[in-house]
Amino acid sequence: TEAALVVTPGGGAALFAHETLSEQMLMHDPAAGGGRVMSAAAAPSVGGWLMLTELMGVVAYSPTTADAAATPTEVEREMETEAPPPLAAVDVPIPPIDVDPAEAEAAVRAEFAAYASGSGGVPSEAGFRLRAAGALTSSLDAAASPEVVSAAPFASNSRAIVDALPKHWPGPSGPGPAVEMHLDEKARRHDMFLQWLVEAAGVYNLLSAAERERILEHGEMVAALLCVRQIHNEAAEADELEGGGGEEVGKPLELLREAAVAAGEALQSSDAAVKGRPAAEVCYSRATGCATALLPALADGIDAHAGADSQGSLHERATALDTLSRALLGALNAAADYRRSHAPLYPPSISSGPTAPSPRWNAGEGARRALRAAAVAAVLLRDEAARGGAPDLAAPLGSRLLAVATPLLDACAADVAAAEPGSDARAAARAEYTSARNTVLPALMDAAREGGGGSGGFHGAVRPGFGVTMDAVAAVAEAHFGYEQLAEVCEAALAEAADATAVASATARLHHHMRTLRGAPVDGEGTFATFMFERSMSHPGCSGSVGRRIAETLQNTPDEFYDELTDCLRPRPPLLWLHQLRADDYVGAASTLRGLSGTGAKGISGKGATLAERRQFLSLAKLSLLASGASSEADEIVSIDAALNLTEIQCGLLARRSDGKGDDSATPLPPLRLVESCLGEGNGGAAGSEPEDVLDAFSVFASAGGAFREANKTLLEACWRRAAAETDWEQLSELRASAGDVKYVRSLVNTPVARAARRCYQKSFAVRLGPPFDEVLTPRDVLNLLEGAIGGGDRSDAALDPIREAIGLYALVEGDDEDVVPRDSYDMDV
């Protein structure tokens, strides 16, 4: 099929087919969205044509074969309403272009120069010429090194603009206003460069995020350098008004000149193009040296003239800090203002996983070093002034510290966020952040406590409004985990509250901070709520004693913090159970109280509770379980009753052996020791007490549990023999034969053997923990044991009858078909 492609001067195109080229197959309209056709050529390999369009790039078109029999007439063509069928776009592989970086950079420079001079022709065509030159083929990503990004064509041209050297260097008199004009021109030209990228060439959004960020950083650095230069010029003007002598050490002009010279010399050491030039002017010519040269030079100046090892009077050192820190903060604030004014042009920050992007230049190492030097100097000088060196300087120095605290801590926080969690870099950044916090926040708190609303100034002038307020400290502390300072601010507000409304407001503020400051677990930062709970346990603060603070915490903490308060109180069981009761966690409170019955009121493991403490905590635990709805026969309550019984046994034993005095401060004995004490100490001089001691031994076995009884069966048998030895069975046998049943039964019931049988085998009589005694010693086993111990082969069966009957009063002995004595004869209260 014959075909021809016609490109119009306006950038349109039409494709005609058939032998006479009478049928239009395609109409390309530049206004329809594809842009102008820049070039076209036949492409037999794809059976059509290749067109380079303004917006669609390279597109291939293939003609559609026409059916001659269906060729419409001229009239029919005039009535046809359907548009010509479009040709299908075919993806054509474009071979990689070998780009010369120097040529790409030169193309960008030439296009911008033409735009700036007004001779660039149609602005929209610049983007296509730049693409053809390879300036838009780079594919930088966030991982690209700073050197690679700086070498990109557009970033390289941006740097050339902000680092352009002046046409004429100043003479021996040094820098003057012309330098500031040169910086103004750089700022204007850089803004024009941005405008060209965005509006004219239309390629700004085609650049990588890293290259766009670098271009905008150059604008920030020009703004920062221009601000420092303005401060330098102001100092020069002030020096002239004072009659010259600006070279005097310690004067603002000399301090700024010294910093500029140091920065310039640092740049000259690595830049052959500026060697031999005036160092101060090199500093103000190379805007990209802000981060690597000027900020470190300001840090060195602060250390030398206002730091711990500096010489001079307090006023001279304060003046040096004021001058150099104003230049430092001015540069950083100017960069921040530039970022705010150009915010729509900045690419969105994209973090990789748990880390944030690397800190920007105004939060990098040089900036942090300078800010840290200023903060340390301000802390030292303010402290010296407040201690009597120069009271008039305390307030302005406190204000200067506040001014540098926020950017310093923000920069340190950005450095922490950019490091991989768990890495050495993260640990180092974290240590730097913590050190900065510990340096500035306590000093700010001191400044706020001491007031500082009076007049004063660095140069003797009156400057109203100096001073650090509690609210200002709270704002910094809130942003940077300054929990100690934030807590003190909140406590001060509560202490100063004059009425219920003020108290409610201060409390609401405290709870707001507790609610919103959730810490940084990855860096070991806890929540503010947990910090406040811990603080209330140990720090008296402004509201009185620790005891009062604990009571307030337990009573007034909102429900939303109960879980955190519970976690905080777990290491403090003496307080935890109170909180659990308030939270209606009766089962949890019972468990905590059971633990305290072993450790004591202080909750310290290893020291142990006293008898009085054990009784108290066990009783409270039982009440708590009953409040939760537990049955009095529940295993937990039976266990508590058994433990209470052991406590009462020891208390009774001590009372009998001390003539009724007792000792509730004694340490509870374990069951085995308690049984041995019951059997081994005798009556201690108290008449009639020994049988009670033996009976208490059986109570210990009853309350100590089945495992204890099984493990100490031999000792239990010894208790039975000891109980039997307490009775004259022959005399009781004679009474059985001579006296009536009632008298005999009364005597039988009061024997230790009968009372022990009742304690061990009658379920309803007293607490018994664990399985029945029968699993260790059955009544028949006990009878056999005692018959062997008492009879010994020398006594008649009649003498052993009272033993059998004493046991049979409360236990059914296997082999006995009926009760030894009538039940109604001994069913009495003994």
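Predicted model only: the values in this text are computed from it and were never measured.

Scoring rules and cut-offs
- Residues numbered from 1 in each chain as written.
- Predicted model: local features only at pLDDT ≥ 70, side-chain atom pairs only at ≥ 80, totals over all residues.
- Heavy atoms only, no water.
- Helix = DSSP H or I, 4+ residues; strand = E, 2+ residues; numbered from the N terminus.
- Buried < 20%, exposed > 50% of the residue type's maximum accessible area, 1.4 Å probe, protein only.
- Contact = heavy atoms within 4.5 Å.
- Areas by Shrake-Rupley, 256 points an atom, 1.4 Å probe, with all protein chains shown as cover.
- Salt bridge = Lys/Arg side-chain N within 4 Å of Asp/Glu carboxyl O.
- pLDDT = per-residue confidence, 0-100.
- Axes fitted to C-alpha atoms, helices over the stretch in contact; angles between N-to-C directions.
- Parallel < 35°, antiparallel > 145°, perpendicular 65-115°, else oblique.
- Left-handed = near helix turned anticlockwise from the far one by under 90°.
- Nonpolar A, V, L, I, M, F, W, Y, C, P; charged D, E, K, R; others polar.

A few points about the overall build of the protein chain
Looking only at helices and strands, the protein chain features 33 helices and 6 strands. For the protein chain, with 830 residues in total, the buried portion stands at 44%. Restricting to contacts in the protein chain with at least 6 residues of sequence separation, those with at least 24 account for 63%. Working note: accessible area of the protein chain is about 40000 Å², and carbon and sulfur atoms make up 53% of it.

Let's talk about the pattern of salt bridges
With the rule as written, the count across this model stands at 45 salt bridges. In this structure, the salt-bridge partner of Arg-360 is Glu-213, at a minimum N-O distance of 2.9 Å. Of this pair, Arg-360 sits in the loop between helix 11 (314–341) and helix 12 (365–389) while Glu-213 sits in helix 7 (residues 209–241), and the two are 147 residues apart along the sequence. Comparing Arg-360 with Glu-213, the two get one shared label, buried. One salt bridge in this structure joins Arg-804 and Asp-801, with 1.8 Å as the shortest N-O distance.

Digging into the confidence of the model for the protein chain
For the protein chain, per-residue confidence averages 80 on the pLDDT scale, and 79% of positions sit at 70 or higher. For the protein chain, the element scoring lowest by mean pLDDT is helix 1 (residues 74–79), at 34; helix 11 scores highest, at 94. Counting interchain partners and residues more than four positions distant, the pLDDT-below-50 stretch residues 65–96 has 24 contacts. pLDDT under 50 marks residues 452–465. Its contacts with residues more than four places away, or in other chains, come to 31 contacts.

A closer look at the packing of helix 8 (residues 252–268) against helix 10 (residues 289–306)
Two elements in contact, helix 8 and helix 10, have axes whose closest approach is 8 Å; the angle formed by their N-to-C orientations is 135 degrees. Considering their axes alone, helix 8 and helix 10 lie oblique with respect to each other. Crossing of helix 8 against helix 10: the hand is right-handed. On the side of helix 8, the interface is formed by Leu-255, Glu-258, Ala-259, Ala-262, Ala-263, Ala-266 and Leu-267, while helix 10 contributes Gly-289, Ala-293, Leu-294, Ala-297, Leu-298 and His-305.

Considerations on the packing of helix 15 (residues 470–479) against helix 17 (residues 500–516)
Taken N-terminus to C-terminus, the directions of helix 15 and helix 17 make an angle of 15 degrees; their axes are 12 Å apart at the nearest point. As far as their axial angle goes, helix 17 and helix 15 are roughly parallel. Seen along the crossing, helix 15 lies across helix 17 with a hand that is right-handed. Two secondary-structure elements touch here, helix 15 through Asp-471, Ala-474 and Glu-478 and helix 17 through Arg-509, His-512, His-513 and Thr-516. Class assignment of the residues belonging to the contact of helix 15 with helix 17 gives a composition of 1 nonpolar, 3 polar and 3 charged.

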